[in-house]
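Coordinate inspection notes
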2 protein chains.
Amino acid sequence: MITITDAADERLDDIRNLNHSDNRPDLPGGKGLVIAEGPLVVSRLVESRFPLRCIVGFPQKLQAYEEEYGLPEGIPVYAVDRETLAEAAGFDLHRGLLAAADRAPEPSLEELLANAQTLCVLEGVGDHENIGAIFRNAAGLGVDGVLFGNGCADPLYRRSVRVSMGHVLRTPFAHLPGTYTTWQRSLEELRERGFRLVSMTPGGDTTLAKAVEGADKVAILVGAEGPGLTEHAMRATDVRAVIPMAAGTDSLNVATSAAVAFYEVQRSRS
Amino acid sequence: MITITDAADERLDDIRNLNHSDNRPDLPGGKGLVIAEGPLVVSRLVESRFPLRCIVGFPQKLQAYEEEYGLPEGIPVYAVDRETLAEAAGFDLHRGLLAAADRAPEPSLEELLANAQTLCVLEGVGDHENIGAIFRNAAGLGVDGVLFGNGCADPLYRRSVRVSMGHVLRTPFAHLPGTYTTWQRSLEELRERGFRLVSMTPGGDTTLAKAVEGADKVAILVGAEGPGLTEHAMRATDVRAVIPMAAGTDSLNVATSAAVAFYEVQRSRS
């Protein structure tokens with residue numbers, strides 16, 4: 001454990017100006033590191049496929065972490081005080097514990113589909129917290145992998161990682177190739193492997209329960225809050241499923257809809 | 001429509017320093033007004049049981065609102081520019097449209113239960129956004145009323161109103177009398193009226209689907225994120241229901257759990 005008292009110390013570069021670099025983690029010039037906050041999520045980053053670079057925290061937070069999880073070998077651990085961390089990170093991190101890791105290549109579609117029975121496919125989900133919540137729900141409700149169609153936000157953005165409770169670091173995901181009007185072709189590969197493709201849409205013509213009934217393998221598609229799935233995407237699926245809603249109400253939040261769908265897939269199999 | 005250019009104008013007092021007063025809306029000295037933001041939620045406040053006091057917004061936002069919803073009669077409408085609104089409210093309101101209303105008495109338990117078939121009962125839910133999300137989910141998934149046990153945050157706090165998309169203004173709710181260890185006695189009244197009382201808990205011994213199966217009237221109980229329902233509350237219920245979760249994952253967010261439960265109640269009746 002190395003104590004650092006100078007916020008300008010280059011060993012803190014991985015967690016420097018987090019608000020700034022996180023705003024554009026996938027752009028040229030963005031550092032693009034995976035950042036975990038708090039002991040539970042840090043422990044999940046440590047156990048993940050992402051190559052760990054360092055752990056940074058207040059001395060007492062590092063000690064508590066070591067007691068609960070142990071410290072990984074061969075990884076620098078930097079003890080900092082609250083002011084030093086706030087100055088380096090660019091804002092006050094009251095959790096006082098961070099870890100940084102390099103990004104890692106995604107699994108191939110082949111690998112991801114190999115043993116999967118339930119998938120979630122996202123299109124146009126641009127909100128990092130919704131993506132995080134979808135991963136949290138997916139992990140809890142037995143989804144084996146998440147596929148990204150066009151127009152989604154970065155699941156490894158710090159806020160997605162946090163809201164997912166670290167499950168973006170554990171549940172396999174992959175980006176489907178193609179543009180706004182071509183990525184849907186990849187769905188054909190899912191169908192060939194026996195997946196029933198279910199679009200979640202308030203305009204669906206089949207109840208969710210009927211839509212997933214009897215399916216051995218299911219891929220649940222959800223779209224952006226507001227516009228929802230594109231017609232292009234829905235046309236490439238087998239069924240348009242609706243969660244029956246009370247009259248005069250709004251559709252559910254996208255992560256909530258997804259959770260209900262994942263639940264129903266599980267229930268229908270039990 | 002009256003144009004106000006002085007942020008200190010007392011006609012803007014209803015929306016003054018919103019961050020400050022909203023932090024303690026139910027304390028002595030707190031103004032305790034119900035605040036709606038954005039056209040959809042403002043329209044729901046206008047139609048609600050809460051006595052409307054004023055509408056405040058940028059001129060173009062007021063005009064757009066008038067075209068879509070019409071302006072209510074006999075209610076002052078104040079046009080302000082962005083700087084004036086930001087100075088009065090205490091922060092920049094990019095939505096540019098607000099309405100304020102007085103609080104109104106809650107319905108009696110008698111009134112609330114009269115025609116209800118599905119209820120949600122909250123205990124210790126202290127997060128305003130979770131409360132808002134629970135109301136949004138409740139409204140969409142056919143819940144007739146929400147009952148507050150001990151230790152919950154204020155559903156009429158501005159952030160709850162916003163996250164609920166205004167459904168806290170529409171779905172009836174009432175606070176059950178009593179303290180931390182006595183409020184549960186009110187649950188007996190629900191049972192006498194034929195409600196099956198279902199505790200949602202990760203430690204439940206019955207699947208959610210079995211727990212609600214065949215029940216004519218159901219009350220779903222959810223507790224705080226983290227600790228969940230107290231043993232006191234669960235003892236007063238008929239069944240402890242679990243949403244089957246994947247091994248090694250965390251429980252769902254409280255509003256998401258509630259949504260899944262509401263969905264299952266609806267599905268089991270269809």
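Calculation rules
Residues numbered from 1 in each chain as written. Chains lettered and ligands numbered in written order. Predicted model: local features only at pLDDT ≥ 70, side-chain atom pairs only at ≥ 80, totals over all residues. Heavy atoms only, no water. Pairing = 2+ DSSP bridges. Helix = DSSP H or I, 4+ residues; strand = E, 2+ residues; numbered from the N terminus. Buried < 20%, exposed > 50% of the residue type's maximum accessible area, 1.4 Å probe, protein only. Contact = heavy atoms within 4.5 Å. Domains from an automatic or database assignment. Buried area = accessible area lost by both parts, 1.4 Å probe. Salt bridge = Lys/Arg side-chain N within 4 Å of Asp/Glu carboxyl O. Nonpolar A, V, L, I, M, F, W, Y, C, P; charged D, E, K, R; others polar. Polar contact = N/O pair within 3.5 Å; in protein donor to acceptor, adjacent residues only side chain to side chain.

Attention now moves to the sheet that holds strand β7 (residues 145–148) of chain B. Residue and element names in this part refer to chain B. The sheet built from seven strands is open, its strands ordered β8-β7-β6-β11-β9-β12-β10 with parallel pairing. This sheet does not close on itself; its edge strands, each paired only once, are β8 (173–175) and β10 (206–207). Examined bridge by bridge, strand β6 (residues 118–123) and strand β11 (residues 217–223) share six bridges and lie parallel to one another. Along β11, the bridge assignment pairs leucine 119 with alanine 219.

Attention now goes to the environment of A:Ala133. All names here are of chain A. Examined against the element boundaries, alanine 133 turns out to sit in helix α6 (residues 128–140). In this structure alanine 133 comes out as buried when scored by relative accessible area, which is 18%. Taking the C-alpha atoms as reference points, alanine 133 and valine 161, separated by 28 residues in sequence, lie 9.4 Å from one another. When near neighbours in sequence (up to four residues on either side) are disregarded, alanine 133 contacts Val163 and Ala255.

With that settled, the discussion passes to the domain arrangement of chain A. Residue and element names in this part refer to chain A. By domain assignment, chain A separates into domain 1 (2–101) and domain 2 (109–269). If you average the C-alpha positions of domain 1 and of domain 2, the two centres end up 31 Å apart. Roughly 1,400 Å² of surface becomes buried between domain 1 and domain 2 when both sides are summed, with 56% attributable to carbon and sulfur atoms. For the pair domain 1 and domain 2, the interface holds two salt bridges. Of the charged contacts, one joins glutamate 37 and arginine 158 as a salt bridge, the two residues approaching to 3.2 Å between their closest N and O atoms. Grouping the constituent residues of the side of domain 1 that touches domain 2 by class yields ten nonpolar, three polar and seven charged.

Okay, the pattern of salt bridges next. Side chains that differ in sign of charge can pair as their charged atoms come close. Inspection of the entire model under this criterion finds 36 salt bridges over all chains. Across the pair A:Arg53 and A:Asp102 runs a salt bridge whose closest N-O atoms are separated by 2.9 Å. Here the residue A:Arg53 occupies a position in strand β3 (residues 52–57), and A:Asp102 occupies one in the loop between β5 (97–101) and α5 (109–113), the gap between them amounting to 49 residues. Here the salt bridges do not stand alone but share partners, grouping A:Glu264, A:Arg267, B:Glu264 and B:Arg267 into one network.

In this assembly, 30 residues from chain A lie in contact with 30 residues from chain B. Of the roughly 2,200 Å² buried between chain A and chain B, counting both surfaces, carbon and sulfur atoms make up 53%. The tally of links from chain A across to chain B stands at six salt bridges. Our count for the contact surface shared by chain A and chain B stands at twelve residue pairs in polar contact (both at pLDDT 80 or more). For the side of chain A that touches chain B, the elements supplying multiple residues, two or more each, are α2 (39–46), α6, α9 (208–212) and α11 (254–269) of chain A.

The five strands are arranged β1-β4-β3-β5-β2 (chain A) in an open sheet whose pairing can be described as mixed. The open sheet has two edge strands, β1 (2–3) and β2 (34–37) of chain A, and neither has a second partner.

Here we take up the environment of A:Glu225. Relative to the assigned elements, A:Glu225 resides in the loop between β11 (217–223) and α10 (231–235). Measuring from C-alpha to C-alpha, the distance between A:Glu225 and A:Gly214 comes to 28 Å, with eleven residues separating the pair along the chain. Setting aside residues up to four positions removed in sequence, A:Glu225 forms contacts with A:Asn130, A:Leu252, A:Asn253, A:Val254 and B:Arg136. Of the polar contacts made by the side chain of A:Glu225, one reaches the side chain of A:Asn130; its length is 3.2 Å. A polar side-chain atom of A:Glu225 sits 3.0 Å from a polar atom in the side chain of A:Asn253.

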